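Listed below, chain by chain, are the residues.
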Amino acid sequence: MDLTIKSAENIEYMISQITTKLRMVNADAIKSSQYNEDVYEDLHDIYEMVMKKNTFTPNEMQAIVEELGNLRK
């Protein structure tokens, strides 16, 4: 998958991977349809950061979820 291309499919993939990696209990609260291509670069940055880490503190998880909330349409 080429994540350098802005597309709804790539947004869906990144959101799915982020929620899986963070083991979010309520993953349905963050849906890919809530994001558009205007925030793609920011979303991609969050995705890359999340994929690089193996563990997250509760504060880190909260900050990531808050940032994802700020990027919503």
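Procedures and definitions
Residues numbered from 1 in each chain as written. Predicted model: local features only at pLDDT ≥ 70, side-chain atom pairs only at ≥ 80, totals over all residues. Heavy atoms only, no water. Helix = DSSP H or I, 4+ residues; strand = E, 2+ residues; numbered from the N terminus. Contact = heavy atoms within 4.5 Å. pLDDT = per-residue confidence, 0-100. Patch = residues over 30% accessible without salt bridge, like charges linked within 9 Å, V, L, I, M, F, W, Y side chains within 5 Å. Areas by Shrake-Rupley, 256 points an atom, 1.4 Å probe, with all protein chains shown as cover. Salt bridge = Lys/Arg side-chain N within 4 Å of Asp/Glu carboxyl O. Lys, Arg positive; Asp, Glu negative; His and termini not counted. Charge placed at Lys NZ, Arg CZ, Asp CG, Glu CD. Buried < 20%, exposed > 50% of the residue type's maximum accessible area, 1.4 Å probe, protein only.

1. A short note on the environment of Asn10
And step 1. Tracing the sequence through the fold places Asn10 in helix 1 (residues 8-21).
And step 2. On a C-alpha basis, the gap between Asn10 and Ala29 in space is 18 Å, while along the polypeptide they are 19 residues apart.
And step 3. Not counting the four nearest positions on each side in its chain, Asn10 is found in contact with Met1, Asp2, Leu3, Ile5 and Tyr40.

2. Thoughts on the side chain of His44
And step 1. Structurally, His44 is set in helix 2 (residues 40-52).
And step 2. Ignoring sequence-local partners within four residues, the contact set of His44 consists of Leu3 and Met14.

3. Section: the confidence of the model for the protein chain
And step 1. Averaged over all residues, the pLDDT of the protein chain equals 90, while 95% of them reach at least 70.
And step 2. Here helix 3 (residues 58-71) is the element of the protein chain with the lowest mean pLDDT, 91, and helix 2 is the one with the highest, 96.

4. Structural notes on a negative patch on the surface
And step 1. Judged by side-chain charge, Asp42, Asp45, Glu48, Glu66 and Glu67 come together as a negatively charged surface patch.
And step 2. Elements with a contribution of two residues or more to the negative patch: helix 2 and helix 3.
And step 3. Among the elements that take part in the negative patch, helix 2 stands out by supplying 3 residues, more than any other.
And step 4. Residue position: Asp45 is located in helix 2.

5. Quick word on the pattern of salt bridges
Note that side chains of opposite charge can pair when their charged atoms are close.
And step 1. The final tally for this structure, using the stated rule, is 2 salt bridges.
And step 2. We note a salt bridge from Lys6 to Glu41, for which the minimum N-O separation is 2.6 Å. Separated by 35 residues along the polypeptide, Lys6 in the segment before helix 1 and Glu41 in helix 2 bring together distant segments of the chain.
And step 3. Judged by relative accessible area, which is 40%, Lys6 ranks as partly exposed.
And step 4. For Lys53, the salt bridge goes to Glu60, with nearest N and O atoms at 2.6 Å.
And step 5. A relative accessible area of 28% places Glu60 in the partly exposed class.

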